[in-house]
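# Architecture and fold: a report
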Amino acid sequence: MGTSEKNICQSCGMPMINMTDFGTDRDGNINTDYCHYCYQEGEFTDKGISLEEKMARNIKIAVKLGMTKATASKLARNTLPKLRRWRKSKKAQQVFK
Ligand SMILES: [Zn+2]
């Protein structure tokens, strides 16, 4: 790994390493802001989801991958509200202050 900047999905925080990890724009080009789980063909796959719902979903996945629930929720709470997709939402930030 020679790059200092890590590519993480600005929606779910997943590290994106391979080209196939990235999402796609409507014209089929790679979108480097979001992963392919969150963003495909120019749209969020989970459009309309709230930050809370997204965190709950992330926690579930992390627990499935072997993380404890406490660690997973701490990670989600520390990461997701700072990501570009969620930063605009003032309401969400108030909840997790
Ligand atoms: Zn993502």
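It should be noted that the structure appears before, not after, this text.
Report on the accompanying structure.

## A few points about the overall build of the chain
Counting secondary structure elements, the chain contains four helices and four strands. Starting at the N terminus, the α and β elements of the chain follow one another as β-β-β-β-α-α-α-α. Once local pairs closer than 6 in sequence are excluded, the contacts in the chain between residues at least 24 apart make up 39%. Summed over all atoms, the accessible surface of the chain reaches about 7,000 Å², with 52% contributed by carbon and sulfur.

## Quick word on the layout of surface pockets
Unoccupied space between atoms shows up once a probe the size of one water molecule is rolled over them. The volume enclosed by the largest pocket comes to roughly 510 Å³. Taken together, the elements giving at least two residues each to the lining of the largest pocket come down to α1 (51–64) and α2 (69–79). A per-element tally of the lining of the largest pocket places α1 first, with six residues. By residue class, the composition of the lining of the largest pocket is 14 nonpolar, four polar and three charged. Inspection of the lining of the largest pocket shows a minimum of three residues originating in each of domain 1 (7–47) and domain 2 (51–95).

## Thoughts on α1
Taking 1.5 Å of rise per residue, 14 residues should cover 20 Å, and α1 covers 20 Å from first to last C-alpha, within 8% of that figure. Burial in α1 covers these residues: L51, K54, M55, N58, I59 and A62. One side of α1 carries all its buried residues, which in axial view fall inside an arc of 135°. Among the exposed residues of α1, those pointing more than 90 degrees away from its buried face are K60 and K64.

## Some points on the coordination of the zinc ion
The zinc ion binds to the protein through C9 (SG), C12 (SG), C35 (SG) and C38 (SG), with metal-donor distances spanning 2.3 Å. Relative to the metal, the four donor atoms surrounding the zinc ion lie at angles of 107 to 114°, and the coordination shape comes out tetrahedral. Within one chain, the residues donating to the zinc ion are spaced in sequence as C-x2-C-x22-C-x2-C. This pair shows no difference in class: C35 is buried, exactly as C38 is.

Quick notes on the rules
- Residues numbered from 1 in each chain as written.
- Predicted model: local features only at pLDDT ≥ 70, side-chain atom pairs only at ≥ 80, totals over all residues.
- Heavy atoms only, no water.
- Helix = DSSP H or I, 4+ residues; strand = E, 2+ residues; numbered from the N terminus.
- Contact = heavy atoms within 4.5 Å.
- Areas by Shrake-Rupley, 256 points an atom, 1.4 Å probe, with all protein chains shown as cover.
- 1 Å grid on protein atoms, 1.4 Å probe; cavity = no way out; pocket = protein on both sides within 12 Å on 5 of 7 lines; lining within 4 Å.
- Points joined across faces, edges and corners; volume = space filled by probe spheres on them.
- Nonpolar A, V, L, I, M, F, W, Y, C, P; charged D, E, K, R; others polar.
- Domains from an automatic or database assignment.
- Expected span 1.5 Å × (residues − 1).
- Buried < 20%, exposed > 50% of the residue type's maximum accessible area, 1.4 Å probe, protein only.
- Arc of directions from axis to C-beta.
- Donors = N, O, S within 2.8 Å, 3.2 Å for Na, K, Ca; no water.
- Tetrahedral: all angles 85-135°; square planar, octahedral: opposite > 155°, others 65-115°.

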